Amino acid sequence: QVQLVESGGGLVQPGGSLTLSCAASGFTLDYYTIGWFRQAPGKKREGVLCITRSGSKTYYGDSAKGRFTISIDNVKNMVYLQMNNLRPEDTAEYYCATDLSAQPPYCSLFDYWGQGTQVTVSS
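Residues numbered from 1 in each chain as written. Predicted model: local features only at pLDDT ≥ 70, side-chain atom pairs only at ≥ 80, totals over all residues. Heavy atoms only, no water.

1. Focus: the pairing of strand β4 (residues 33–39)
Worth spelling out the cut-off: Remark: exposure states derive from per-residue accessible area (1.4 Å probe, protein chains only) relative to the maximum for the residue type, with buried under 20%, exposed over 50%, and partly exposed in between. For helices the rule is a DSSP run of H or I covering at least 4 residues; for strands it is a run of E covering at least 2, with both sets numbered from the N terminus onward. Pairing between two strands requires that DSSP report at least two bridges joining them.
β4 sits mainly inside the fold: six of its seven residues count as buried. Direction of pairing for β4 relative to strand β5 (residues 46–51): antiparallel, over a ladder of five bridges. When the bridges of β5 are listed, F37 appears paired with G47. Connecting β4 to the antiparallel partner β5 that follows it, the hairpin turn spans six residues, and G42 within it adopts a positive phi of roughly 75°.

Set out below in structure tokens:
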């Protein structure tokens, strides 16, 4: 019954901003690790940003630093990926995921995944 549903994707011009949403059901996400991932055509899935229950944020790479941020709305049981200054190379299918084991290592192993939402950055 655990479910993650992403939304908010679409077409945006380079330099634009977009906020993705991940609605969680079947669990209270603020107690677990939540991560955002993306997969571009022909490439492997890569991690973007992760947040633990303690609020610790982890960037999987340097690309999103200074441009992307993650946040959680505990009331709505949703997590967001706020993206700014988007680049064409950000084009990918974006996924949210969670690790319900609540055990370390955090931001490494994820049990449940959403279906993804497409983000296309193009002029």
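2. Brief notes about the sheet that holds strand β7 (residues 68–73)
Whenever strands of a sheet pair, they do so through backbone hydrogen bonds, lying parallel or antiparallel. Note the threshold: Angles shown run from 0 to 180 degrees and are taken between the N-to-C directions of axes, each axis being a line fitted to C-alpha atoms and, for helices, limited to the stretch in contact.
Ordered in space as β1-β3-β8-β7, the four strands form an open sheet in which the pairing is antiparallel. Each having just a single partner strand, β1 (3–7) and β7 make up the two edges of the open sheet. Taking the axes of each pair of neighbouring strands and ignoring which way they run, one obtains an average angle of 20° across the sheet. In the sheet, β1 pairs with strand β3 (residues 18–25) via five bridges, with the strands oriented antiparallel. For Q3, the partnering residue across the bridge sits in β3 and is S25.

3. Some details on the state of the cysteines
What counts is decided by this rule: Two cysteine sulfur atoms make up a disulfide if the distance between them is within 2.5 Å.
All chains considered together, the criterion is met by two disulfides. Here C22 connects covalently by a disulfide to C96, the sulfurs 1.9 Å from one another. One disulfide, between C22 and C96, carries an S-S torsion of 65° and so falls in the right-handed class. Separated by 74 residues along the polypeptide, C22 in strand β3 and C96 in strand β9 (residues 92–99) bring together distant segments of the chain. Residue C96 is classed as buried on the basis of its relative accessible area, which comes to 0%. Paired through a disulfide, C50 and C107 show a sulfur-sulfur distance of 2.0 Å. As the torsion about the S-S bond is roughly -80°, the C50-C107 disulfide counts as left-handed. Taken together, the residues span a long stretch of sequence, with C50 in strand β5 and C107 in the loop between β9 and β10 (112–113) at a distance of 57 residues. Here C50 falls in the buried class, since its relative accessible area comes to 0%. For C107, a relative accessible area of 8% gives the class buried.

4. Some remarks on the pairing of strand β8 (residues 78–83)
Counting buried residues along β8, five of its six residues qualify, which places the element largely inside the surrounding structure. Relative to β8, β3 runs antiparallel, the two sharing six bridges. If you follow A23 over to β8, its bridge partner there is M78. Pairing of β7 with β8 involves six bridges; the strand directions are antiparallel. Bridged to S71 within β8 is Y80. Between the end of β7 and the start of β8, which pair antiparallel, lie four residues, with N77 showing a positive phi angle near 60°.

Limitation: the analysis is restricted to geometry and does not speak to function.
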